[in-house]
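Survey of secondary and tertiary structure
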Amino acid sequence: MTVERLANQVKWVLFSLDKEKIQQFAKSWGITLPKNDKDFWRVVYNSILEIPDAPKGVRLRAMNWLTINGKE
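What you see is a predicted model; the values in this text were computed from it and never measured.

Considerations on the nonpolar core
Counting residues in hydrophobic clusters, the biggest one holds 17 residues, and the most contacted among them are Leu14, Phe15, Ile22, Trp41, Val44, Tyr45 and Ile48. At the level of elements, α1 (3-16), α2 (19-28), α3 (37-49) and α4 (56-69) are the ones that each hand at least two residues to this core. In terms of residue count, the dominant contributor to this core is α3 (five residues). When near neighbours in sequence (up to four residues on either side) are disregarded, Leu14 contacts Ile22, Val44, Ser47, Ile48 and Ile51.

So, a nonpolar patch on the surface
There is a patch of nonpolar side chains on the surface, built from Met1, Trp29 and Ile31 and spanning about 350 Å² of accessible area. Relative to the elements of secondary structure, Trp29 occurs in the loop between α2 and α3. The exposure class assigned to Trp29 is partly exposed, which follows from its relative accessible area of 44%.

Regarding the environment of Pro34
Looking at the element boundaries, Pro34 is found in the loop between α2 and α3. Apart from the residues lying within four places of it in its own chain, the contact partners of Pro34 are Asp39, Phe40 and Val43.

Some remarks on the pattern of salt bridges
Scanning the entire structure with this criterion turns up three salt bridges. Arg42 is paired through a salt bridge with Asp39; the nearest N and O atoms lie 2.8 Å apart. A residue pair is termed a helical-turn pair when its members lie 3 or 4 positions apart in one helix, as Arg42 and Asp39 do in helix α3 at three residues. Looking at Arg42, the relative accessible area reads 11%, which means it is buried.

Each value, and the rule that gives it
- Numbering of residues starts from 1 in each chain and follows the order in which that chain's sequence is written.
- Selection of residues for local features in this predicted model requires a pLDDT of at least 70, selection of side-chain atom pairs for listing and counting requires 80 or more, and totals for whole chains, interfaces and linings are taken over all residues.
- Note that water and hydrogens are dropped before the side-chain values are worked out from all heavy atoms of the structure.
- Residues belong to one nonpolar core when they are buried, are Ala, Val, Leu, Ile, Met, Phe, Trp, Tyr or Cys, and are joined through side-chain atoms within 4.5 Å.
- Burial classes follow relative accessibility: with a 1.4 Å probe on protein chains only, a residue under 20% of its type's maximum area counts as buried, one over 50% as exposed, and anything between as partly exposed.
- Secondary structure elements follow DSSP: runs of H or I of four or more residues count as helices, runs of E of two or more count as strands, with numbering from the N terminus.
- Any two residues whose heavy atoms approach within 4.5 Å are treated as being in contact.
- Only residues whose relative accessible area exceeds 30% and that form no salt bridge enter a patch; like-charged residues are grouped when within 9 Å of one another, and nonpolar side chains (Val, Leu, Ile, Met, Phe, Trp, Tyr) when within 5 Å.
- Here the accessible surface of atoms and residues is derived via Shrake-Rupley with a 1.4 Å probe, and residues count as covered only by protein chains that are part of the display.
- Think of a salt bridge as a Lys or Arg side-chain nitrogen and an Asp or Glu carboxyl oxygen that are within 4 Å of each other.

Read these as geometric descriptors, not functional statements.
Listed below in structure tokens is the structure:
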């Protein structure tokens, strides 16, 4: 798999905001995600904001969630 293809796959999974899909993808790559729901979404939304070309609606949702629930 090329780096570009992997990056696109990560984006597709994160931008889906589908918890199950994100967890399955992370597991397949050996990535441990928080079990606590709030911490899980904090990691996901912070990750989304690190992607410069994230869709505006997804970025807005991430910023709103982090503003309400805290960034750390």
